[in-house]
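Each chain is listed here by its residues.
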Amino acid sequence: MEKRRLSFWEIWNLSFGFLGIQMGFALQNANASRVLQIFGADVHELSWFWIVAPLTGLIVQPIIGYYSDKTWTRLGRRRPFFLTGAVLASFGLILMPNADMFTAFMPALWVGAGMLMIMDASFNVAMEPFRALVADVLPSDQRTLGFSVQTVLIGIGAVIGSWLPYVLTNWVGIENTAAPGKVPLSLMLSFIIGAAVLIISILITVFTTKEYSPEEMELINGAIEEEVIEESSLLNIFTDFKNMPTTMRQLSWVQFFSWFGLFGMWVFSTPAIAHHVYGLSLDDTHSTTYQNAGDWVGILFGVYNAVSAVYAFFLPAIAKKVGRKKTHALSLIIGGIGLISIYFAPDENWLILSMFGIGIAWASILAMPYAILAGSIPPRKMGVYMGIFNFFIVVPQIINALIGGPIVKYVYDGNPIYALVISGVSFLIAAALVSKVKDVDDEVIIKNT
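Residues numbered from 1 in each chain as written. Predicted model: local features only at pLDDT ≥ 70, side-chain atom pairs only at ≥ 80, totals over all residues. Heavy atoms only, no water.

A. Focus on unusual backbone geometry. For Asp413, which is not a glycine, the phi torsion comes out positive at approximately 55°. Inspection of the secondary structure puts Asp413 in the loop between helix H16 (391-411) and helix H17 (417-433). By relative accessible area, which is 71% here, Asp413 ends up exposed. (Helix = DSSP H or I, 4+ residues; strand = E, 2+ residues; numbered from the N terminus. Buried < 20%, exposed > 50% of the residue type's maximum accessible area, 1.4 Å probe, protein only.)

B. Region of the structure containing helix H1 (residues 8-15). Inspection of H1 places Ile11, Trp12, Leu14 and Ser15 among the buried residues, and these make up the whole buried set. For H1, the buried positions fall inside an angular range of 160° around the axis, keeping them on one side. Looking at the buried side of H1, the elements it contacts are helix H2 (17-38), helix H6 (108-137), helix H7 (143-170) and helix H8 (185-208). (Arc of directions from axis to C-beta. Contact = heavy atoms within 4.5 Å.)

C. View of the packing of aromatic side chains. Within the structure shown, the criterion is met by 23 aromatic pairs. Ring centres of Phe8 and Trp12 lie 6.1 Å apart, and the angle between their planes is 35°; this geometry places the pair in the tilted category. Here Phe8 pairs with Trp12, and both are found in helix H1, just four residues apart, close to one helical turn. For Phe8, a relative accessible area of 32% puts it in the partly exposed group. Classification of Trp12 as buried rests on a relative accessible area of 16%. Centroid distance Phe389 to Phe392: 6.2 Å. Interplanar angle 75°. Geometry classified as edge-to-face. In terms of burial, Phe389 and Phe392 fall into one category: buried. An aromatic cluster is present here, built from Phe25, Phe123, Trp259, Trp266, Phe301, Tyr304 and Trp362 joined pairwise through their rings. (Phe/Tyr/Trp six-rings, centres within 6.5 Å; stacked < 30°, edge-to-face > 60°.)

D. Here's a closer look at the side chain of Gln22. Structurally, Gln22 can be placed in helix H2. Contacts of Gln22, omitting those with residues within four sequence positions, involve Met127, Ile154, Gly157, Ala158 and Trp362.

E. Broad picture of the side chain of Gln291. With respect to the helices and strands, Gln291 occurs in helix H12 (residues 288-322). The buried category is assigned to Gln291, whose relative accessible area is 3%. Not counting residues within four places of it along the chain, the set of residues in contact with Gln291 comprises Arg34, Ile38, Asn176, Thr177, Pro184, Thr285 and His286.

F. Representation of the pattern of salt bridges in the model. Following the criterion strictly, the structure yields nine salt bridges and no others. Between Asp136 and Arg78 there is a salt bridge; the shortest N-O distance is 2.6 Å. Of this pair, Asp136 sits in helix H6 while Arg78 is found in the loop between helix H4 (52-70) and helix H5 (79-95), placing the two residues 58 residues apart along the sequence. Each of Arg77, Arg78 and Asp136 takes part in salt bridges that share partners, so that together they form one network. (Salt bridge = Lys/Arg side-chain N within 4 Å of Asp/Glu carboxyl O.)

The structure is reproduced here in structure tokens:
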């Protein structure tokens, strides 16, 4: 038995839930630092508050991957997990900007940080089973297209999420300022809308996508699955980690430097641009200019996500022409230049050009490593290895979270713009490391042609 080739729109529906996931994720990335500063966080403390997000991912992802490999319910294998993650993330989105409601129990800043943890843990519950679903359902020669379509939907969702606060303020007329310690109404409504879209988009995937049953998967993978049957145990995750495929081990370093750079950009963009481009003091977190800078960062994040959505359409063709490794390396180089160029931007409008480069790298980061990885993973362990692969996303974020704030405070003299420059350098290092990766599927395709 072979996997059925899917039409474009079937692949579209397969990944449609990612539109809502990324809309919520974009609202978090563009606005979490802003919300935490409103609640009283200093700029050099931001990375410490963000650390809860990758820490939860480090714990949650491989466990969710393991159980999604072993689970079969009326909803299927992967769908129960990303549906549960979407529901929990929606609660986090609604409650984070309303953290001041809980000041009778603890400071709003700590409640906000807790909601950030819940959101990110829930996004983690949803994301990797979704990626495993694409690898489960699609034959190997459609995986690049599958992950590219997923990247397109991620881009669309992220554009909507990133631009929503700006749109509500400048097009609808909802206030983007509030009393000190209060989150503006435009931002609060954006998070609520994001929660609703997240649930709806996930349900579209749940009700339009059919997963292969365990029996069908055995027939599909039977020839490759004649292996020694190991005792099923959650502790096998440690064995799987030790025995990870060579390609995954090589990709781990590429992922490390890619996500180290991304984390620095997400945490420090708002204070860096407010200070370096708008000329505000580092302790200004309440003025109208600061809120306008925060809204503009949302627009900029929307731009790079829009670019990624468009560029993702071309990724399969580019990868077919020059190979997935060269495609990814070139994309990371362009993204690194884009990040470094923020330092030299004469005004906020020039930052749009920087975002074009970052968008190209973001599209490739979301698609190419997974397309390369999927060909090297045993099919029956797709979920757990996708979860383990997340180690190389969250570990660099944890390291950046621990050292990023102190470096900004003591090395950069409090100026966060240099954190963005280092993020760009990190992208360039990741690009250089791509040459060390072995792409199994690419070698098979080249051999067959």
